[in-house]
Structures are given as C-alpha cells and as structure tokens.
Amino acid sequence: MGFRFERPDTAYMVGVDWHRPTGTLAVVVHAPCGKLPDGFDEYAWPEAAWSPE
C-alpha cells in the first residue's frame, strides 16, 4: 500500500510505501540537486518501534 507523486514539469518525485508484514514505512525522494552531509550512513540509522496502525 502506498503512493507516488511526480511533478511532470520537473524531476522531483516522492514515493511512500507501507509494508504491513514488516511494519516498515519506506519513503523515497528524488530531486535533481540533493546532497547528503559528509559522514552520512543510511545503514547506521536505528530501527524505530513506531507503527502507524
């Protein structure tokens, strides 16, 4: 279950998916000029116990 929003006049896109079996909310954002800070590690984020139910 989820949704995807795209602006047809730009390269911006947001996608959100809820995976009920695992309790995971996945958010994907695409932008033409995004920059991550130095030292950012996407795999070092702690898992949350939050659930939107």
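The following refers to the structure shown.

**Overview of the sheet that holds strand 3 (residues 24-30)**
Okay, step 1: Here 3 strands make up an open sheet; going across it, the order is 1-2-3 and the pairing antiparallel. Strands with a single pairing partner mark the edges of an open sheet, and in this sheet they are strand 1 (2-6) and strand 3. Strand-to-strand twist across the sheet, computed as the mean angle between neighbouring axes with direction ignored, equals 5°.
Okay, step 2: Here 7 bridges tie strand 2 (residues 13-19) to strand 3, and the two strands are oriented antiparallel to one another.

**Looking at the pairing of strand 2**
Okay, step 1: Looking at chain direction, strand 1 and strand 2 are connected through 5 bridges and run antiparallel. Residue pairing in the sheet places Phe-5 in a bridge with Val-14 of strand 2.
Okay, step 2: Following strand 2, the chain reverses through 4 residues before pairing antiparallel with strand 3; Gly-23 in that reversal takes a positive phi of roughly 70°.

**Brief notes about a nonpolar patch on the surface**
Okay, step 1: Together, Leu-25, Val-27 and Val-29 make up an exposed nonpolar region whose accessible area comes to about 280 Å².
Okay, step 2: As for its placement among the helices and strands, Val-29 is situated in strand 3.
Okay, step 3: Judged by relative accessible area, Val-29 falls into the exposed class, the value being 58%.

**Digging into the pattern of salt bridges**
Okay, step 1: Inspection of the entire model under this criterion finds 2 salt bridges.
Okay, step 2: As a salt-bridge pair, Arg-4 and Glu-6 come within 2.8 Å of each other at their nearest N and O atoms.
Okay, step 3: Assessed through its relative accessible area of 47%, Glu-6 is described here as partly exposed.
Okay, step 4: Linking Asp-9 and Arg-7 is a salt bridge whose minimum nitrogen-to-oxygen distance equals 3.0 Å.
Okay, step 5: A relative accessible area of 59% places Asp-9 in the exposed class.
Okay, step 6: Among the residues examined, Arg-7 registers a relative accessible area of 38% and is labelled partly exposed.

**Details of the environment of Pro-32**
Okay, step 1: With respect to the helices and strands, Pro-32 occurs in the segment after strand 3.
Okay, step 2: For Pro-32, a relative accessible area of 57% gives the class exposed.
Okay, step 3: The spacing of Pro-32 and Met-13 is 19 residues in sequence and 9.8 Å in space, taken between C-alpha atoms.
Okay, step 4: Not counting residues up to four positions away in its chain, the partners in contact with Pro-32 are Ala-11 and Tyr-12.

Conventions and cut-offs
- Residues numbered from 1 in each chain as written.
- Predicted model: local features only at pLDDT ≥ 70, side-chain atom pairs only at ≥ 80, totals over all residues.
- Heavy atoms only, no water.
- Pairing = 2+ DSSP bridges.
- Helix = DSSP H or I, 4+ residues; strand = E, 2+ residues; numbered from the N terminus.
- Axes fitted to C-alpha atoms, helices over the stretch in contact; angles between N-to-C directions.
- Patch = residues over 30% accessible without salt bridge, like charges linked within 9 Å, V, L, I, M, F, W, Y side chains within 5 Å.
- Areas by Shrake-Rupley, 256 points an atom, 1.4 Å probe, with all protein chains shown as cover.
- Salt bridge = Lys/Arg side-chain N within 4 Å of Asp/Glu carboxyl O.
- Buried < 20%, exposed > 50% of the residue type's maximum accessible area, 1.4 Å probe, protein only.
- Contact = heavy atoms within 4.5 Å.

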